[in-house]
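Working through the structure, step by step
This is what each chain is made of:
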Amino acid sequence: MRRDPGEARLLGLWTAGCLAVLLLAGILWVGDLALQWPVLLVPLVWALVAVRPRRRGPAPTWDDDPYPATREAPTLPPPPDRPYRREW
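All values derive from a computational prediction rather than experimental measurement.

Between helix H1 (residues 5-30) and helix H3 (residues 41-50), the shortest axis-to-axis distance is 8 Å and the interhelical angle comes to 175°. Relative to H3, the element H1 lies roughly antiparallel. Where H1 abuts H3, its residues Arg9, Gly12, Leu13, Thr15, Ala16, Leu19, Ala20 and Leu23 lie against Val42, Pro43, Trp46, Ala47 and Ala50. Looking at the contact of H1 with H3 residue by residue, the class counts come to 10 nonpolar, 2 polar and 1 charged.

Structure representation (structure tokens):
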């Protein structure tokens, strides 16, 4: 399922915001913000990717199938007349 560009942008920004909050809470709880602040660049880059302009191409349809139709056998082959016997 494809999302429209506005919905995808909102979802990306929401995810980047949650990631920033969780990383900041983890750094403040366990680490040192003065030393580990570059970790917060990850949600910033995530947010920048989320707000980039998106091109919306035509939605694929069943008629635009890139694979050719397959040709299948019309019926299964008939079963053998005698039971299968294994020679050991």
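On to the environment of Leu23. In this fold, Leu23 is placed in helix H1. A relative accessible area of 25% means that Leu23 is categorised as partly exposed.

Side chains of Leu13, Leu24, Leu28, Leu33, Trp37, Leu41, Leu44, Leu48 and Val51 sit close together on the surface and give an oily, nonpolar patch of about 810 Å² of accessible area. Elements represented by at least two residues in the nonpolar patch include exactly H1 and H3. Of note, Val51 is situated in the segment after H3. Judged by relative accessible area, Val51 falls into the partly exposed class, the value being 41%.

What counts, and at which threshold
- Residues numbered from 1 in each chain as written.
- Predicted model: local features only at pLDDT ≥ 70, side-chain atom pairs only at ≥ 80, totals over all residues.
- Heavy atoms only, no water.
- Axes fitted to C-alpha atoms, helices over the stretch in contact; angles between N-to-C directions.
- Helix = DSSP H or I, 4+ residues; strand = E, 2+ residues; numbered from the N terminus.
- Parallel < 35°, antiparallel > 145°, perpendicular 65-115°, else oblique.
- Contact = heavy atoms within 4.5 Å.
- Nonpolar A, V, L, I, M, F, W, Y, C, P; charged D, E, K, R; others polar.
- Buried < 20%, exposed > 50% of the residue type's maximum accessible area, 1.4 Å probe, protein only.
- Patch = residues over 30% accessible without salt bridge, like charges linked within 9 Å, V, L, I, M, F, W, Y side chains within 5 Å.
- Areas by Shrake-Rupley, 256 points an atom, 1.4 Å probe, with all protein chains shown as cover.
- Salt bridge = Lys/Arg side-chain N within 4 Å of Asp/Glu carboxyl O.

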